[in-house]
Amino acid sequence: MKNGMKVIVWPDHDIPNVALYNWFHVGSRNERPGITGLSHFFEHMMFNGSKHYPSGEFDRVMERNGGSSNAFTTEDVTAYQDWFPKGILELVFRLEADRIQSLSFDPKMVESEREVVYSERRTSIDNENASLLDEQVQAAAFVAHPYHNPVIGWPSDIERWTIDDLRSYYQIFYAPNNATMIVVGDVTPQEVFAMAERYLEPIPAQPAPPKVTTQEPPQLGERRVSLRKFGQTPLLDVAFHTGAANDTQAEARDLLLTILAGGESSRLYRRLVDHDRLAVDVSAYVNPEGFDPGLLKIFVTVAPDKTAEAAEAALVDELAKLGRSGPTAAELTKAKNVELSGYWHGLQAINSKAAALGTYEVFRGGWRNLFTAPERYGRVSARQVQALAKTLFDPKNRTVGVLVPERAEASK
Amino acid sequence: MRLALGLVALVLVLPADAAALELPASREVRLPNGALVILAEKHDVPMIAVRGFLRGGSVADPPGKEGVANLTASLLRKGAGKRTAEEIAALVEGLGASLDTGGGLEASYAVGEFMARDQNTMLDVIADLLRRPTFPEKEFEKLRDQSIDAITSAKDDPQEVIGGYAAAFFFGPHPYARPSDGDERTLKGLTREDVVAYYRANYGGDRLILTLVGDFDLPAMEAKVKTRFGHWAKAGAPLAAIPAVSRPRGHRVLLVDKPDATQTYFWIGSLGVTRRDPERVPLDIANTAFGGHYTSILNTALRIQGGLTYGARWQAPRYTQAGTVAIYSYTKTETTGKAVDLALETLAKARRAGLDSAAVASARSYITGQFPTRFETESQVASALVDLAYYGFDREELTGYAGRIAAARPDAIAQVVQRVYPPPEDLTFVFVGNASKIRSVVKRYGRVTEVKISEPLLSALGREVR
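Residues numbered from 1 in each chain as written. Chains lettered and ligands numbered in written order. Predicted model: local features only at pLDDT ≥ 70, side-chain atom pairs only at ≥ 80, totals over all residues.

### Comments concerning the overall build of chain B
Worth spelling out the cut-off: By definition, any uninterrupted DSSP run of H or I lasting at least four residues is a helix, any uninterrupted run of E lasting at least two residues is a strand, and each is numbered from the N terminus. Radius of gyration: C-alpha atoms only; globule rule: 2.2 Å multiplied by the number of residues to the exponent 0.38. Here exposure depends only on C-beta density: within 10 Å of a residue's C-beta, 20 or more other C-beta atoms make it buried, 12 or fewer make it exposed, and intermediate numbers make it partly exposed, the C-beta atoms being placed from the backbone. What counts as a contact is two residues whose backbone-derived C-beta atoms lie within 7 Å of each other.
Each helix and strand counted, chain B has 18 helices and 14 strands in total. Computed over the C-alpha atoms, the radius of gyration of chain B is 23 Å, within 12% of the 23 Å expected from 2.2 N^0.38 for a compact globule of 466 residues. C-alpha extents for chain B along the principal axes are approximately 60 × 55 × 40 Å. Residues counted as buried form 57% of the 466 residues belonging to chain B. Residue pairs at least 24 apart in sequence account for 82% of intrachain contacts in chain B once pairs closer than 6 positions are excluded.

### Notes on the pairing of strand S4 (residues 78–85) of chain A
Residue and element names in this part refer to chain A. Operational definition: For two strands to count as paired, DSSP must find a minimum of two bridges between them.
S4 sits mainly inside the fold: eight of its eight residues count as buried. Where strand S2 (residues 17–24) meets S4, eight bridges bridge the pair, whose relative direction is antiparallel. Among the inter-strand pairings, Leu-20 is bridged to a residue of S4, identified as Asp-82. Here six bridges tie strand S3 (residues 68–73) to S4, and the two strands are oriented antiparallel to one another.

### Details of the pairing of strand S10 (residues 263–271) of chain B
Residue and element names in this part refer to chain B. For S10, the tally of buried residues reaches seven of nine residues, placing the bulk of the element in the interior. Summarising the sheet, S10 and strand S12 (residues 324–332) pair through nine bridges and their orientation is antiparallel. When the bridges of S12 are listed, Tyr-265 appears paired with Tyr-330.

### Brief notes about the domain arrangement of chain B
Often the size quoted for an interface is simply the accessible area lost on bringing the parts together. Residues and elements named next belong to chain B. Rule in force here: For the purposes of this description, domain bounds are those given by an automatic or database domain assignment. Following the grouping adopted for this structure description, the nonpolar residues are Ala, Val, Leu, Ile, Met, Phe, Trp, Tyr, Cys and Pro, the charged ones are Asp, Glu, Lys and Arg, and the polar ones are all others, Gly among them.
By domain assignment, chain B separates into domain 1 (23–229) and domain 2 (251–383 + 392–460). A separation of 29 Å is found between the C-alpha centroids of domain 1 and domain 2. Counting residues at the interface gives 33 residues for domain 1 and 28 residues for domain 2. Contributions of two or more residues to the side of domain 1 that touches domain 2 are made by strand S3 (47–55), helix H5 (158–171), helix H6 (184–188) and strand S8 (208–214). Classifying every residue of the side of domain 1 that touches domain 2 by side-chain character gives 19 nonpolar, five polar and nine charged.

### Re the interface of chain A and chain B
Counting residues at the interface gives 64 residues for chain A, matched by 59 residues for chain B. Broken down by element, the residue count for the side of chain A that touches chain B peaks at nine residues, all from helix H12 (residues 329–346) of chain A. Its residues placed into classes, the side of chain A that touches chain B shows 20 nonpolar, 28 polar and 16 charged.

### Focus: the nonpolar core
Counted only if it meets this: What we call a nonpolar core is a set of buried Ala, Val, Leu, Ile, Met, Phe, Trp, Tyr and Cys residues whose membership is set by joining through C-beta atoms within 7 Å.
The biggest cluster of nonpolar side chains holds 148 residues, and the ones touching the most others in it are B:Tyr165, B:Leu355, B:Leu385 and B:Val430. In terms of residues, this core owes the most to one element, H5(B), which gives nine residues. Each of domain 1 (23–229) and domain 2 (251–383 + 392–460) of chain B gives at least three residues to this core. Setting aside chain neighbours within four positions, we find B:Leu385 in contact with B:Ser26, B:Ile38, B:Ala40, B:Thr211 and B:Val213. In terms of nonpolar packing, the next biggest core, distinct from the first, is built from 62 residues, A:Val9, A:Trp23, A:Ile35 and A:Ala179 among them.

### Here's the deal with the sheet that holds strand S7 (residues 107–115) of chain B
Residues and elements named next belong to chain B. The test is simple: In this description, a line fitted to the C-alpha atoms serves as the axis of each element, helices being fitted only across the stretch in contact, and the angle between N-to-C directions of two axes falls anywhere from 0 to 180 degrees.
Strand order in the open sheet formed by six strands is S1-S2-S8-S3-S7-S6, and the pairing between neighbours is mixed. Across the chains shown, the open sheet's two edge strands, defined by having one partner strand only, are strand S1 (26–30) and strand S6 (98–103). With strand direction ignored, the average angle separating the axes of adjacent strands in the sheet is 10°. The pairing of S3 with S7 spans nine bridges and is antiparallel. Across the sheet, the residue bridging to Leu-54 is Ser-108, located in S7. The sheet contacts of helix H8 (residues 218–229) involve S1, strand S2 (36–41) and S8, and relative to S2 the element is tilted by about 155°.

### Regarding the domain arrangement of chain A
Residues and elements named next belong to chain A. One can read the domain layout of chain A as domain 1 (6–200) and domain 2 (223–411). Computed over C-alpha atoms only, the centres of domain 1 and domain 2 are separated by 28 Å. At the level of secondary structure, the elements contributing two or more residues to the side of domain 1 that touches domain 2 comprise strand S1 (6–11), S2, S4, helix H5 (129–141) and strand S5 (179–185). A per-element tally of the side of domain 1 that touches domain 2 places H5 first, with ten residues. Of the residues in the side of domain 1 that touches domain 2, the class split is 18 nonpolar, eight polar and five charged.

### Observations regarding helix H12 (residues 357–370) of chain B
Because each turn of an α-helix spans 3.6 residues, side chains separated by three or four positions end up pointing in the same direction. Residues and elements named next belong to chain B. Worth spelling out the cut-off: The span you would expect from a helix comes to 1.5 Å times its residue count less one.
Look at H12: 20 Å from first C-alpha to last across 14 residues, which is about the 20 Å you get at 1.5 Å a residue. Of all 14 residues in H12, eleven are buried; the element is thus mostly enclosed. Within H12, the full set of buried residues consists of Ala-359, Val-360, Ser-362, Ala-363, Arg-364, Ser-365, Tyr-366, Ile-367, Thr-368, Gly-369 and Gln-370.

### Considering the sheet that holds strand S8 (residues 279–286) of chain A
Residue and element names in this part refer to chain A. Taking strand neighbours across the sheet as the criterion, the five strands line up as S6-S10-S7-S9-S8 in an open arrangement whose pairing is mixed. Here the strands that pair on one side only, and so sit at the sheet edges, are strand S6 (223–230) and S8. Strand after strand, the sheet turns through a mean of 15° between neighbouring axes, direction not considered. Two elements, S6 and strand S10 (residues 398–406), share eight bridges in a ladder whose sense is parallel. By the bridge assignment for S10, Leu-227 is matched with Leu-403. Most of the contacts of helix H9 (residues 250–261) go to S8, to which it runs at about 175°, and overall it touches S8 and strand S9 (295–302).

Okay, here's the thing in structure tokens:
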């Protein structure tokens, strides 16, 4: 549109419903000390009142008309999601336009929502050992880049954000030229574009938000963090710096993750859980996976009577093996089949289609790349996966976090 | 995330206004051994979803052997036919397929999804798993020990465990009290012979409901399924009837001490209704209005207006016999009493004054508007079909649901609230939190049973031997 906002429509008439994702290119990556967590807090405030829909009305109107909504914030983006029957398409555009252009900032709502967000932090981080450890590992792995900060924010910042912080955030980041809207479902492109032109296009563009220019310097040696707190099982979280979401090695990296920890036939499951019986579970993923280089993380829930040290030794051994000899043909075929079935799986529902299309548009070079994904994954060679493993799993590039459980007596 | 959707435990809240739901045409075949096969073609993507239910589940665990149904089902993947555990995992995952097995409360299950091109191989594997498990001793010991570790490890997240404490405490001697996973001590006592005995008694063609939905030719698939499951003998034991449950009277309080907790997780509940309750449609509306969506009465009170929590939900699982109805939420340690009092007042008011008509109207629209999204994928349709069959419903239960939601009368909704929502004097309270800080608060609600989170659940509640 003329104001720089992009709207992408994918008609799917299987059910009389619509999934809408509106991605704003703002996340904790855009924050600085003192306002960490503000992007996520802002996400909450987007539901707390705008000019024509006072506090609470967004959700009330949405739900009493058969719709539902949610949102999520990551290091890189804040995405607003609406799922609704096709009959209320225009209403949803009115709701969205109103909060994008005339959000209210009611001091009472700010205080009440601050408590809600603190409860969210207590639930998802403070009372969940795995997340608490991962927060520390990510902070240790990034010393310069804002991926250092947790999306939910440091507790002291949650306590101190001001209404002015919110206002200036709105001004800078909630501009149509900083948004990408995906609409999938029982609609035609014509009717969606007409709505967008009527309700969204009049919202004026704003100056582009400041770029995030800080780059993480190369890591020159292993970093270690440890947590001692009450718990039942030791935890091990190992992170390696890797490229951004649209890295040229992104497909090889996804296959590598499957080879490492995808299911009970994966290398790490076989070794740590099945053979050596050092772990209850193991997983591998890339996070953050966004605009800037992120981390490949391997998370191990250690067996209660084993140590994180033993699990770490076995893990390091397996990673080195993969770098030395590469994956077998069967492993590579498996990983490619997992990608392919996952691809088809994701194309079954309007919600997952909207999520996938948005992810490709925002992070992986454009929405068209979604439709060529199977071929791209199919072209990855064993040699490529091996080379990637060898580079990534350099011990100098490693940040290791362990949680050592203490019993009640010790933690009092 | 603004909403923790995972907390919604309302059983299948369905649709409302617009078009009737369209489900893919399906064919039900009863095999001579009693197995029920349900097939539906769906050609959107080259995939097939499978759901196999075996009546039984952990309600058929012998007392003192809690967890054996789940362990048995999980062990199906650890050796079957001519394949070892490793070979099964390599074969299934090598095809990019998923295939999970486990034991639920009232049924053991096999759940999977695979590419259509692999259907013959996957059907062979599924038939091997269900009909020809080998239960290798080594795999038995390993999985038993791993399951014990997993139970211990889950205790680091109160959200994962509070439901198990609530069921065990609430249902007392009834089989619905049994945690499907068992606990550390009951699992430790299990032997391979227990698993074999459970399998012999509870696995067989007469217990099976098998559903396949996806990109296949229906007559050809019917033949393939008949070949593989038509001659499966009946289970060794008759299916035990599940006794009815009665509502416990008075207040009871369980406090689970997790000394590092900075917030208190609470469950306040009582007896609910059965899956086939005749008033289930007005009850779905009431439950959604009271605590089944974001702007519900309960979430409005505790979160939106109270700022006391990230989320508050009304949970209403229903089984063959009555399940529970309960408020589930959490709040920081310091506001435990305040949040619980507000939750109790909100519940009492719903009974005293009835549900606000705007909330009821919103719930009707919400249910209807969201309903179609529950039946989009092959896996969703397969789950819905197997669930209907398990509880003895036909497809009209779903296809006619929107119409019934629209037609439910306000007085029927008011009456079902009076009947099902518990009176203030009959409530069970379960808290997971820092006991040293909330002990004096929770004892206001009744006589307290206090346990340590590190103890095995059933032993802690004095239930290890019935």
